[in-house]
Each structure stands twice: as structure tokens, then as C-alpha cells.
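Tertiary structure, described
Chain by chain, the residues run as shown.
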Amino acid sequence: MKKNIFILTLTLIISSCNNDKKLSGNTIEIAGVGGPESSVQINKDKNTIRERFSAPEGYTWIEEQQDSFGYFIENFKLKPYGSQILKYDDTPISTQDLHEAVYDIHTGNKDLQQCADAAIRLRAEYLYKAKKFDKIKFHFTSGDLVSWNDYKNGIRAFVNGNSVIFRKTAGFDDSYSNFRKYLDLIFNYAGTISLNKETNPVAKTSDLKTGDILITPGSPGHIVFISGVCQNKEGEKLFLLSQGFTPAQSIHMLSNPFDKNISPWYRLDVNSSETKTARYFFKPTNFRSF
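Below: a short report on this structure.

What counts and what doesn't
- Counting restarts for each chain: residues are numbered from 1 in the order of the written sequence.
- The model is predicted, so local features are restricted to residues of pLDDT at least 70 and side-chain atom pairs to those at 80 or more, both for listing and for counting; the totals for chains, interfaces and linings are taken over all residues.
- In computing side-chain properties, one takes all heavy atoms of the structure into account and sets aside hydrogens as well as water.
- Helix and strand assignments follow DSSP, with helices taken as H or I runs no shorter than four residues and strands as E runs no shorter than two, numbered in order from the N terminus.
- Each residue gets one of three labels from its accessible area relative to the maximum for its type: buried under 20%, exposed over 50%, partly exposed in between, using a 1.4 Å probe on protein chains only.
- For this analysis, residues touch if any pair of their heavy atoms sits within 4.5 Å.
- Here the open area of atoms and residues is found with the Shrake-Rupley method and a 1.4 Å probe, where only the protein chains shown may cover a residue.
- Polar contact is the term for a pair of N or O atoms within 3.5 Å; when the atoms are in protein, one must be able to donate a hydrogen and the other to accept it, and sequence-neighboring residues count only if both atoms are side-chain atoms.
- Definition of nonpolar core: a set of buried residues of the types Ala, Val, Leu, Ile, Met, Phe, Trp, Tyr and Cys, connected through side-chain atoms within 4.5 Å.
- Expected helix span is given by 1.5 Å per residue-to-residue step, counting one fewer step than there are residues.
- A pair of strands is labelled paired if DSSP reports no fewer than 2 bridges between them.
- Only one rule defines a salt bridge in this text: a Lys or Arg side-chain nitrogen within 4 Å of an Asp or Glu carboxyl oxygen.

Description of the overall build of the chain
- Along its length, the chain carries seven helices and 14 strands.
- Going through the 290 residues of the chain one by one, you find that 54% of them count as buried.
- Of the contacts made within the chain by residues no fewer than 6 positions apart, 65% connect residues no fewer than 24 positions apart.
- Here the chain has roughly 13,300 Å² of accessible surface; of this, 49% comes from carbon and sulfur atoms.

Some details on the environment of Arg 279
- Among the secondary structure elements, Arg 279 is positioned in the loop between strand E12 (275-277) and strand E13 (280-282).
- A relative accessible area of 2% places Arg 279 in the buried class.
- Within the local environment of Arg 279, its side chain forms a polar contact with the side chain of Gln 249, the two groups lying 3.0 Å apart.
- Within the structure, the side chain of Arg 279 is placed 3.3 Å from the side chain of His 252, a separation counted as a polar contact.

Some remarks on unusual backbone geometry
- Following Ser 219, the chain continues to Pro 220 via a peptide bond in cis, the omega torsion being 5°.
- Mapped onto the elements of the fold, Pro 220 is located in the loop between strand E8 (213-216) and strand E9 (222-232).
- Unlike most non-glycine residues, Asp 90 shows phi in positive territory, near 70°.
- In this structure, Asp 90 sits in the loop between helix H3 (69-74) and strand E2 (99-102).
- Even without glycine at this site, Lys 131 takes up a positive phi of about 60°.
- As for its placement among the helices and strands, Lys 131 is situated in the loop between helix H4 (115-129) and strand E3 (137-139).

Observations regarding the nonpolar core
- Residues Tyr 103 and Tyr 182 are the most contacted members of the largest nonpolar core, which totals 52 residues.
- At the level of elements, strand E1 (59-61), H3, H4, helix H5 (148-152), helix H6 (176-189), E8, E9 and strand E10 (237-243) are the ones that each hand at least two residues to this core.
- In terms of residue count, H4 provides more of this core than any other element does, nine residues in total.
- Counting 17 residues, the second largest nonpolar core, distinct from the first, contains Leu 208, Ile 226, Leu 241 and Phe 287.

As for H6
- Between its first and last C-alpha atoms H6 spans 20 Å; for 14 residues at 1.5 Å apiece the expected length is 20 Å, and the two agree.
- Where burial is concerned, most of H6 is hidden: 10 out of the 14 residues are buried.
- Listing the buried residues of H6 in full gives Asn 178, Phe 179, Arg 180, Tyr 182, Leu 183, Leu 185, Ile 186, Phe 187, Asn 188 and Tyr 189.
- Buried positions along H6 lie against H4, E3, strand E4 (145-147), H5 and strand E5 (155-160).

Side note on the environment of Asp 144
- When you line up the elements, Asp 144 lands in the loop between E3 and E4.
- Once the C-alpha coordinates of Asp 144 and Tyr 189 are considered, the two residues, 45 residues apart in sequence, prove to be 9.7 Å apart.
- What Asp 144 contacts, discounting residues up to four positions off in sequence, is Phe 138, His 139, Val 164 and Phe 166.
- One polar contact links Asp 144 to Ser 142, side chain to side chain, over a distance of 2.6 Å.

Re H4
- In a regular helix each residue adds 1.5 Å, so 15 residues correspond to 21 Å; H4 covers 22 Å between its end C-alpha atoms and thus fits that length.
- H4 sits mainly inside the fold: 14 of its 15 residues count as buried.
- Just downstream of H4, Lys 131 is the residue with a positive phi angle, here 60°.

Remarks on the pairing of E10
- Where burial is concerned, most of E10 is hidden: seven out of the seven residues are buried.
- Every second residue of E10 is oriented toward a common face, with Lys 237, Phe 239, Leu 241 and Gln 243 on one face and Leu 238, Leu 240 and Ser 242 on the other, all of them buried.
- The pairing of E9 with E10 spans six bridges and is antiparallel. Its bridge partner being in E10, Val 229 is matched across the sheet by Phe 239.
- Connecting E9 to the next strand, E10, in antiparallel fashion are four residues, including Gly 235 with a positive phi near 90°.
- With two bridges connecting them, E10 and strand E11 (residues 252-254) associate as antiparallel partners. Within E11, the residue paired with Gln 243 across the bridge is His 252.

Regarding the pattern of salt bridges
- Evaluation of the coordinates by the stated rule reveals eight salt bridges.
- With a closest N to O distance of 2.9 Å, Arg 121 and Glu 125 form a salt bridge. With Arg 121 and Glu 125 both in helix H4 and four residues apart, this pair spans about one turn of that helix.
- Taking the relative accessible area as the measure of exposure, Glu 125 reaches 10% and is therefore buried.
- Asp 212 is paired through a salt bridge with Lys 209; the nearest N and O atoms lie 3.0 Å apart.
- Accessibility expressed as a relative area gives 37% for Lys 209, which makes it partly exposed.

Right under this line is the structure:
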């Protein structure tokens, strides 16, 4: 089980979306939500979010700078339209009617890359591709900071009771395969609580951008991340939302069963007391930015 060798006395506050379906009243399964079908044009032959999903009538996509995290997400390769969400063991999850796209990125073969980890994964992949190695660093739930620079230089974390100590036990290795081992370590010990602490609050809806996260820190907790933004002439924005989930499964973009006319786009408000997404209700609403 994820984080199974971490501090046992803190199991009730370990942050992950582990067991959300069983334990959290916020986790939902949508069925029979009424309303018209979406009028959004979906270009099923395209393989990125920005190319595949048109903005609703009257709206246009907001341009992202080519070196930004938002541009990286919006132009991330997707699997063919209609692809299923697969668990880490390559079996399909039971709910296949609440997503519109599946990211073309391997989940791994262990139950590690869950909800917070999906956001961490894409953030880390972006920084790795951009060669911003000094910025690849994440906190464990314990508060200990673990950087890719240290890990590639052979420094490893050892958990002992209530403490984490670091020792150099390996040689230099900056390969991508070693980078994935580093990420699996982060997935094992980081989560919604640590990610909430190391991100910054977004105070205005107008400031929301691709790459920002909507998060409930806790155990269970959950995260979705903004994966596209469009805007009309009046300045009103609509947003696409993506996520990972538990058990570890494909990163996927959500449909919007509550407003089918604009699905998969969502209307969001940072001041709302509750934000409903296709597979989870966030209460309170808590948007944050890397």
C-alpha cells in the first residue's frame, strides 16, 4: 500500500486520495444528470488537449507562453479519443463515462501515482524537459525536502520512526530511469498535505491559469489541475480539469456532467463554498499555484 513504510503514528494524516471512494463523502459517482448534450466541438483525430477540444461558442483559448508549465500541459500528447482509464496493473477502472481524454504517459506498475502524484508528475516532467533541474524538489508529508539534484548525486532518504535521514549511498546517475525512481519515492511519501503547503493560494478567479490545482488536503484528500483556459469578450473564463485517482490510474481529463452544454469545460469561482467536479466535490474550494 502507498506510503506503507512511513510513520505509522501519522497514518490518519498521511496525505493521499487513497481510499477516497470508501471513506470520503466528497467522492461521488454521477448518473443521470440531465440537460442538453455538449455543443463543444471535439476534434477526435487530434492528440493534444488544445487541438482536440475547441472553446465553446463565444470563447477563445487563452495563449500560453511556449516555455510555460501551462503550455506543456495543454500540448501534452493524449491517447486516441475514447481510450479507457487503466489502473497501474493495466486493468480498466469501473467508471469510464466521466472523462474525455487520457494522457499518454505511463502510470507505472505500482499503486503509487495517485491524485496529488499526477500533478507532481506533470510538474516534474515539465521541469525535467525544460532542464530546470534546480526546481525539481518536493516535500515529504513529514516536511523533509527531497530534490532531484541530491537524488541523482546518490543521496537517499531513510525513514526511521519519526525521522528521515539522508545518506549518500549511490553514484551519480542523471538518467531518465533514475528520475522515475526519484518520482516513485516522492509519490510514496508526498501527497495532498505536503503539496498544499508548498503551493501558493490563488485569490482571484481571473488569476487562475493552466497548471493551477484545486486541492483538499488530508487523508483522504484529492487534487484536480487546470488543463486549459478559454475566455469570452466580457472576460469570463472557462476551464478544463484533469486528475489522477486511486488506485493509481491513467491521468485523465474530466467531463462536466453538471453543465453538459459546455462539457468538458467548467465554470469556476475561487470564492465558491463548494466546487463540484465529475468524480469529487471540493468543500471548501481551495485553488493553489506552483
